[in-house]
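Notes for the structure review
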Amino acid sequence: METLAQHLAETLKALRAQRKWSLTQAAEQSGVSKAMLGQIERGESSPTVATLWKIATGFAVPFSLFITPPSRSPAVTHFREGERPPFRQQNAQMRVTPLADFDPLLGFDLLAIEFSAGAFSESSPHAPGVTEHVVVISGALEVQVAQRWYSLRSGEVLRFNADVPHAYRNNSSEPVLIHDLIHYPRADETAC
Ligand code: MN
């Protein structure tokens, strides 16, 4: 089985080939440097979650594409634990695991995200119309949306338009587990 770095490399190369974008064009679209994109394509870099999000937004693809291939689900799909590899950030503050494969007709990602004690992660704006639902499963998390901080406890949900700068912070001494349901609008929904 290929490693996550290899999967990232293949996915980025395939996307760039589909779009017929040079590294320079991909850098302009994503806001990620040419040097970094080149390193990812050679499997030499472990990007952060924030960097992967910039690339996903620049190419208008779901975040989970960089971890697991999308699929059209049959009527019933049982997604089991451990089938999809987690994406671990190098500083180990964040671990992201898709709980289900992305289905293009349904248009959402369902991610489990673990933040270690003291973790802080800033996200650049996602594409217009992208909505996040942060569902706290265990622990307490603070989420910043457009300059304002929201304190969430387990069982609580924050739904927000994610096309603005936002951030996640675990100020507690315990790890936090959340589920993040990210809805992506279809191209025909953003046209008007
Ligand atoms: Mn986000």
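Everything in this summary refers to the structure shown in the same document. Each chain has its residues counted from 1, running along the sequence as written. In keeping with the model being predicted, local features are shown solely for residues with a pLDDT of at least 70 and side-chain atom pairs are shown and tallied solely at 80 or more, while totals for entire chains, interfaces and linings include all residues. Excluded from the side-chain calculation are hydrogens and water; included are all heavy atoms of the structure.

**What to know about the overall build of the chain**
Of regular secondary structure, the chain possesses five helices and 10 strands. Taking 2.2 N^0.38 as the reference for a compact globule, 192 residues should give roughly 16 Å; the C-alpha atoms of the chain span a radius of gyration of 16 Å, in line with that estimate. A principal-axis box enclosing the C-alpha atoms of the chain has dimensions of 45 × 40 × 40 Å. The 192 residues of the chain split such that 41% are buried. Counting contacts in the chain only where the partners sit at least 6 residues apart, residues at least 24 apart contribute 64% of the total. Summed over its atoms, the accessible surface of the chain is roughly 10100 Å², and 53% of this surface lies on carbon and sulfur atoms. The distance from the centre of the 17 positive side-chain charges to the centre of the 20 negative ones in the chain is 3 Å. For the purposes of this entry, the term helix denotes a DSSP run of H or I that reaches at least four residues, the term strand denotes a run of E that reaches at least two, and both are numbered from the N terminus. The size measure is the radius of gyration over C-alpha atoms, and the globule rule it meets is 2.2 Å times the number of residues to the 0.38 power. Burial here depends on accessible area, computed with a 1.4 Å probe over protein chains only, as a share of the maximum for the residue type. Under 20% is buried, over 50% is exposed, and the range in between is partly exposed. By definition in these notes, contact holds between two residues if any of their heavy atoms fall within 4.5 Å. We get accessible surface area from the Shrake-Rupley algorithm with a probe of 1.4 Å; when it comes to residues, only the shown protein chains can shield them. By the counting scheme adopted, Arg and Lys are positive, Glu and Asp are negative, and His together with the chain ends is not counted. Where a charge lies is defined by one atom per residue type, namely NZ (Lys), CZ (Arg), CG (Asp) and CD (Glu).

**Things to note about the nonpolar core**
Here the nonpolar core consists of buried residues drawn from Ala, Val, Leu, Ile, Met, Phe, Trp, Tyr and Cys, with membership extended through side-chain atoms lying within 4.5 Å. In terms of nonpolar packing, the biggest core is built from 43 residues, with Phe63, Val96, Phe115, Leu141 and Val143 touching the most fellow members. The element that contributes the greatest number of residues to this core is helix α4 (residues 49-59), accounting for six residues. Leaving out residues up to four positions away in the same chain, Leu141 has contacts with Phe115, Val134, Val136, Tyr150, Ser151, Leu152, Tyr168, Arg169, Asn170, Val176 and Ile178.

**Points about the sheet that holds strand β1 (residues 87-88)**
Taken in spatial order, the six strands line up as β1-β2-β3-β10-β5-β8 in an open sheet, and their pairing is antiparallel. The outermost strands of the open sheet, each flanked by one partner alone, are β1 and β8 (157-161). Any two strands with at least two DSSP bridges between them are considered paired.

**Remarks on the packing of helix α1 (residues 4-19) against helix α3 (residues 34-41)**
Lines fitted to C-alpha atoms define the axes here, with helix axes fitted over just the stretch in contact, and angles between the N-to-C directions of these axes take values from 0 to 180 degrees. α3 packs onto α1 with a crossing angle of 120° between their chain directions and a minimal axis gap of 7 Å. If you check the angle between α1 and α3, you find them oblique. Contacts between α1 and α3 involve Ala5, Leu8, Ala9, Leu12, Lys13 and Arg16 on the former and, on the latter, Leu37, Ile40 and Glu41. Amino acid classes used here: Ala, Val, Leu, Ile, Met, Phe, Trp, Tyr, Cys and Pro are nonpolar; Asp, Glu, Lys and Arg are charged; the rest, including Gly, are polar. Tallied by class, residues from the contact of α1 with α3 come to six nonpolar, no polar and three charged. The scheme is simple: roughly parallel for angles under 35 degrees, roughly antiparallel for over 145, roughly perpendicular for 65 to 115, oblique for anything else.

**Focus on the pairing of strand β5 (residues 131-138)**
Where β5 and β8 come together, five bridges link them in antiparallel fashion. Within β8, the residue paired with Glu132 across the bridge is Phe160. Where β5 meets strand β10 (residues 176-183), seven bridges bridge the pair, whose relative direction is antiparallel. Within the sheet, the bridge partner assigned to His133 lies in β10 and is Leu181.

**Some remarks on the coordination of the manganese ion**
The protein atoms donating to the manganese ion are His126 (NE2), Glu132 (OE), His166 (NE2) and Tyr168 (OH), with metal-donor distances spanning 1.9 to 2.7 Å. Of note, the donors binding the manganese ion are all from one chain and are spaced H-x5-E-x33-H-x1-Y. Classification of His166 as buried rests on a relative accessible area of 2%. For Tyr168, a relative accessible area of 5% corresponds to the buried category. Metal-coordinating donors are taken as N, O and S atoms lying within 2.8 Å of the metal, or within 3.2 Å when the metal is Na, K or Ca; because water is left out, some sites can appear incomplete.

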